[in-house]
Amino acid sequence: MKLKSVFDASEIKSEFESAGINPKFAIQIWKYVIQNPDCVWDEIPSLPSAAYSLLHSKFKTLTSSLHSLFHSSDGTTSKLLIKLQNGAFVEAVVMRYDTRLGMLGGKPRPGGIRSTLCISSQVGCKMGCTFCATGTMGFKSNLTSGEIVEQLVHASRIADIRNIVFMGMGEPLNNYNAVVEAVRVMLNQPFQLSPKRITISTVGIVHAINKLHNDLPGVSLAVSLHAPVQEIRCQIMPAARAFPLQKLMDALQTFQKNSQQKIFIEYIMLDGVNDQEQHAHLLGELLKTFQVVINLIPFNPIGSTSQFETSSIQGVSRFQKILRETYKIRTTIRKEMGQDISGACGQLVVNQPDIKKTPGTVELRDIEDLLL
């Protein structure tokens, strides 16, 4: 019989309640497993006797394992290749940001290293975005909530995780129930992450956006917009045909009205496709009534057969300038991390990375800085 992850909250709650065991013991179990990932059930102290036999027969401490770990040459990024119980693989990425780099109010910034974990929600992805490596895999399967949480457990062994972004493999809102359950586990003991430090990214699954704030109040929303008009979105994001741009914008307006939160807009820069000055103006007009932060993302090649090229640095800067100066929209340019281990945006696909030299450290901003 296939054993379940002990981090599948609904499963352990149901099994414990059926056996007359207080579900609150799950928190004690999770805490022990996080601190002792190689433990066996009998080592966990002070559980009801019935809990031990139930755990042995129905659950595993971890259903996944860390198969491989790759570190970028500049030390800012680590990619985890995680093997699931069914033999499939997913990837998660730890990104480290030194908050002391740069200046704040004319003075050196306080703080230290902050770590953000980029989490996968599916094996592969059915969205088929033409610029994304994961999309070339096709859709394989949804992750359980336990398999999602276990990525945090594995990553916590190599870094003190402060922020979570659901920007790894898969479309999080296409695995809605498992993602919501996993986030709720992360928000409570023993993880106790703040909702404002968790961001869920989507290509624009309208019906799921409409209920996200009620199910996960305070959690941030990021939208992979990537084009200012429906025609271009459909060209580079086939799934956009099912979610017309105007319906998406209506859903975002409702989300913002209910949540009173800024929305992150992700916009990949594709040379000659969506990066011209007219595209910047169209994007500014589309978003000028919203409270958003636009993150311009340099395209990361996904192999020699890629149909796209990276926009020039000058072109990206001009695009940013139009949005900032003409439309007064906060716009950042993403500093890519982990390209040498295929851990950068759009590069997550299950393979072995080629390790090569990456030049020195650059000033980096993480998701918290964008919330300020």
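Calculation rules
Residues numbered from 1 in each chain as written. Predicted model: local features only at pLDDT ≥ 70, side-chain atom pairs only at ≥ 80, totals over all residues. Heavy atoms only, no water. Helix = DSSP H or I, 4+ residues; strand = E, 2+ residues; numbered from the N terminus. Buried < 20%, exposed > 50% of the residue type's maximum accessible area, 1.4 Å probe, protein only. Contact = heavy atoms within 4.5 Å. Axes fitted to C-alpha atoms, helices over the stretch in contact; angles between N-to-C directions. Parallel < 35°, antiparallel > 145°, perpendicular 65-115°, else oblique. Left-handed = near helix turned anticlockwise from the far one by under 90°. Nonpolar A, V, L, I, M, F, W, Y, C, P; charged D, E, K, R; others polar. Salt bridge = Lys/Arg side-chain N within 4 Å of Asp/Glu carboxyl O. Phe/Tyr/Trp six-rings, centres within 6.5 Å; stacked < 30°, edge-to-face > 60°. Lys NZ or Arg CZ within 6 Å of the ring centre and 35° of its normal. Polar contact = N/O pair within 3.5 Å; in protein donor to acceptor, adjacent residues only side chain to side chain. Core = buried A, V, L, I, M, F, W, Y, C linked by side-chain atoms within 4.5 Å. Domains from an automatic or database assignment. Pairing = 2+ DSSP bridges. Right-handed = clockwise from strand over helix to strand, strands pointing away.

Student: Please explain the overall build of the protein chain as it appears in this structure.
Tutor: Helices and strands together make up the secondary structure of the protein chain, namely 11 helices and 16 strands. Looking at the protein chain as a whole, 54% of its 372 residues are labelled buried. Sequence-distant contacts, at least 24 apart, represent 65% of the contacts inside the protein chain between residues at least 6 apart.

Student: Hey, could you run me through the packing of helix α1 (residues 9–18) against helix α3 (residues 49–58) in this one?
Tutor: Any two packed helices are characterised by how steeply their axes cross, that is the angle between the axes, and by the distance between the axes. Where α1 meets α3, the closest approach of the two axes is 11 Å, and the angle between their N-to-C directions is 135 degrees. Taken together, α1 and α3 sit at an angle that is classed as oblique. Judged by the twist between their axes, the crossing of α1 over α3 is right-handed. For the pair α1 and α3, contact is made by Ile12, Glu15 and Phe16 and by Ala51, Leu54, Leu55 and Lys58, respectively. Residues that form the contact of α1 with α3 fall into these classes: 5 nonpolar, no polar and 2 charged.

Student: Would you mind showing me how to read the pattern of salt bridges here?
Tutor: Two side chains of opposite charge can pair, provided their charged atoms sit close to one another. Going through the model one piece at a time under the given rule, you end up with 8 salt bridges. A salt bridge links Glu15 to Lys58; the shortest N-O distance between them is 3.0 Å. In this pair, Glu15 is assigned in helix α1 and Lys58 in helix α3, connecting sequence segments 43 residues apart. Among the residues examined, Glu15 registers a relative accessible area of 16% and is labelled buried. The class for Lys58 is partly exposed, based on a relative accessible area of 26%. Arg318 is paired through a salt bridge with Glu277; the nearest N and O atoms lie 3.9 Å apart. On the criterion of sequence distance, the pair formed by Arg318 in helix α10 (residues 313–326) and Glu277 in helix α9 (residues 277–287) is long-range, its members being 41 residues apart. On the accessibility criterion, Glu277 (45% relative accessible area) is partly exposed.

Student: Hey, could you run me through the packing of aromatic side chains in this one?
Tutor: In this description, a pair of aromatic rings is defined by centroid distance and the angle of the planes. Throughout the structure, instances matching the rule amount to 4 aromatic pairs. Plain terms: the ring middles of Tyr267 and Phe319 are 5.2 Å apart, the flat faces sit at 35 degrees to each other, and that makes the pair tilted. With a gap of 52 residues between them, Tyr267 in strand β14 (residues 263–269) and Phe319 in helix α10 connect regions that are remote in the sequence. Across the pair, Phe319 and Tyr267 agree in class, each one buried. Between Phe299 and Phe308, the aromatic rings sit 6.1 Å apart at their centres with planes inclined by 80 degrees, giving edge-to-face as the arrangement. We classify Phe308 as buried; its relative accessible area is 10%. An aromatic cluster of three or more residues is present, and its members are Phe7, Trp30 and Phe191. In this structure, Lys126 is placed above the aromatic ring of Phe139, and the distance from its NZ or CZ to the ring centre is 4.5 Å. Positioned above the aromatic ring of Tyr176, the side-chain terminus of Lys211 is 4.4 Å from the ring centre.

Student: How should I be thinking about the side chain of Gln261 in this particular structure?
Tutor: Of note, Gln261 is situated in the loop between α8 (245–259) and β14. Reaching out from Gln261, the side chain makes a polar contact with the backbone oxygen of Gly218 at a distance of 3.2 Å. Within the local environment of Gln261, its side chain forms a polar contact with the backbone oxygen of Val219, the two atoms lying 3.4 Å apart.

Student: How should the nonpolar core be read in this particular structure?
Tutor: A general tendency of soluble globular proteins is for nonpolar side chains to be buried together. Counting 107 residues, the largest nonpolar core has Ile29, Ile164, Phe166, Leu287 and Ile294 as the members making the most contacts within it. Each of domain 1 (4–60) and domain 2 (65–370) gives at least three residues to this core. With 5 residues, the next largest nonpolar core counts Val93, Tyr97, Cys118 and Val165 among its residues.

Student: Whenever I open this one, the sheet that holds β14 confuses me. Can you help?
Tutor: Sheet strands line up and pair through hydrogen bonds in the backbone, either parallel or antiparallel. Sheet architecture is open: 10 strands sit in the order β3-β4-β5-β8-β11-β12-β13-β14-β15-β16, paired in mixed fashion. Of all strands in the sheet, those with a lone pairing partner are β3 (65–71) and β16 (330–333), marking the two edges. Averaged over neighbouring strand pairs, the angle between their axes works out to 25 degrees when direction is ignored. Two strands pair when backbone bridges link them, and β14 and strand β15 (residues 292–298) are joined in this way by 7 bridges, in the parallel orientation.

Student: What is the right way to look at the pairing of strand β13 (residues 220–224) in this model?
Tutor: The buried fraction of β13 is high, at 5 of 5 residues. Running through helix α6 (residues 206–215), the crossover from strand β12 (residues 198–202) to the neighbouring parallel element β13 is right-handed. Where β13 meets β14, 3 bridges bridge the pair, whose relative direction is parallel. Bridge assignment links Ser224 to a residue of β14, and that residue is Glu266.

Student: When you look at the side chain of Thr331 in this model, what are you seeing that I'm missing?
Tutor: Counting through the fold element by element, Thr331 comes out in strand β16. What Thr331 contacts, discounting residues up to four positions off in sequence, is Ile294, Leu296, Gln320, Leu323 and Arg324.

Student: What should I look at first to understand the environment of Cys39 in this one?
Tutor: On the secondary structure map, Cys39 appears in the loop between α2 (25–35) and α3. For the pair Cys39 and Thr61, spaced 22 residues apart in sequence, the C-alpha to C-alpha distance is 7.6 Å. For Cys39, the contacting residues outside a window of four places in its chain are Tyr32, Val33 and Thr61.

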